[in-house]
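Analysis of the macromolecular model
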Amino acid sequence: MLPTNAGETVGSRKMPIESSKYVILVGLLSVHALGGGYYAATQPAGAGWRYFSWHPFLMMIGMVGLMGTAALTKKKGGYSNTKLHGIMASAGL
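Below you will find a few notes about this structure. Every chain is numbered on its own, with residues counted from 1 as its sequence reads. Where local features are concerned, this predicted model is filtered to residues with pLDDT of at least 70; where side-chain atom pairs are given and counted, the filter is 80 or more; whole-chain, interface and lining totals use all residues. Based on all heavy atoms of the structure, the side-chain values leave hydrogens and waters out of the count.

Regarding the environment of Y39
Tracing the chain through its elements places Y39 in helix 1 (residues 19-41). On a C-alpha basis, the gap between Y39 and S53 in space is 9.7 Å, while along the polypeptide they are 14 residues apart. To qualify as a helix, a DSSP run of H or I must reach at least 4 residues; to qualify as a strand, a run of E must reach at least 2; elements of each kind are numbered from the N terminus.

In structure tokens form, the structure reads like this:
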């Protein structure tokens, strides 16, 4: 009997992540990357947005948002998702 839950193993292979969980996790990563990036960009408190603020903001989007989403996309399985994973991971760097 095959397991029905995503993430469970079938023999030596893992089941791909479900679409509903994928959407929720990508949404959470996006919110965290944007919110955390903005918070880091405006530190110290009250400093506002400066030219250097782009650095922490874009680092959070790239490393948390794009790299995290790339890892989740790879977990979905399939050839096209694997290709998309490589493109997103490259963009995250």
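As for the packing of helix 1 against helix 2 (residues 54-76)
Where helix 1 meets helix 2, the closest approach of the two axes is 7 Å, and the angle between their N-to-C directions is 170°. Put simply, helix 1 runs roughly antiparallel to helix 2. Basically, the charged four are Asp, Glu, Lys and Arg, the nonpolar ten are Ala, Val, Leu, Ile, Met, Phe, Trp, Tyr, Cys and Pro, and anything else, Gly included, counts as polar. Considered class by class, the residues forming the contact of helix 1 with helix 2 number 15 nonpolar, eight polar and one charged. The convention used is that axes are lines fitted to C-alpha atoms, helices contributing only their stretch in contact, and that angles between N-to-C directions extend from 0 to 180 degrees. In what follows, roughly perpendicular refers to angles from 65 to 115 degrees, roughly parallel to angles under 35, roughly antiparallel to angles over 145, and oblique to any angle outside these ranges.

Considerations on helix 1
Here helix 1 spans 32 Å end to end across 23 residues, near enough to the 33 Å set by a 1.5 Å rise per residue. Whether two residues touch is decided by their heavy atoms; if any such pair falls within 4.5 Å, the residues are in contact. Buried residues belonging to helix 1 abut helix 2. For a helix, the expected span equals 1.5 Å multiplied by the residue count minus one.

Side note on the packing of helix 2 against helix 3 (residues 79-92)
As a packed pair, helix 2 and helix 3 sit with axes 8 Å apart at the nearest point and diverge in direction by 170°. As far as their axial angle goes, helix 3 and helix 2 are roughly antiparallel. As for the relative orientation of helix 2 and helix 3, their crossing is left-handed in sense. The segment helix 2 lies against helix 3, with G62, M63, L66, M67, T69, A70, A71, T73, K74 and K76 engaging N81, T82, L84, H85, M88, A89, A91 and G92. For the contact of helix 2 with helix 3, the class distribution of residues is nine nonpolar, seven polar and two charged. We call a crossing left-handed when the near helix sits turned anticlockwise from the far one by less than a right angle, and right-handed when that turn is clockwise.

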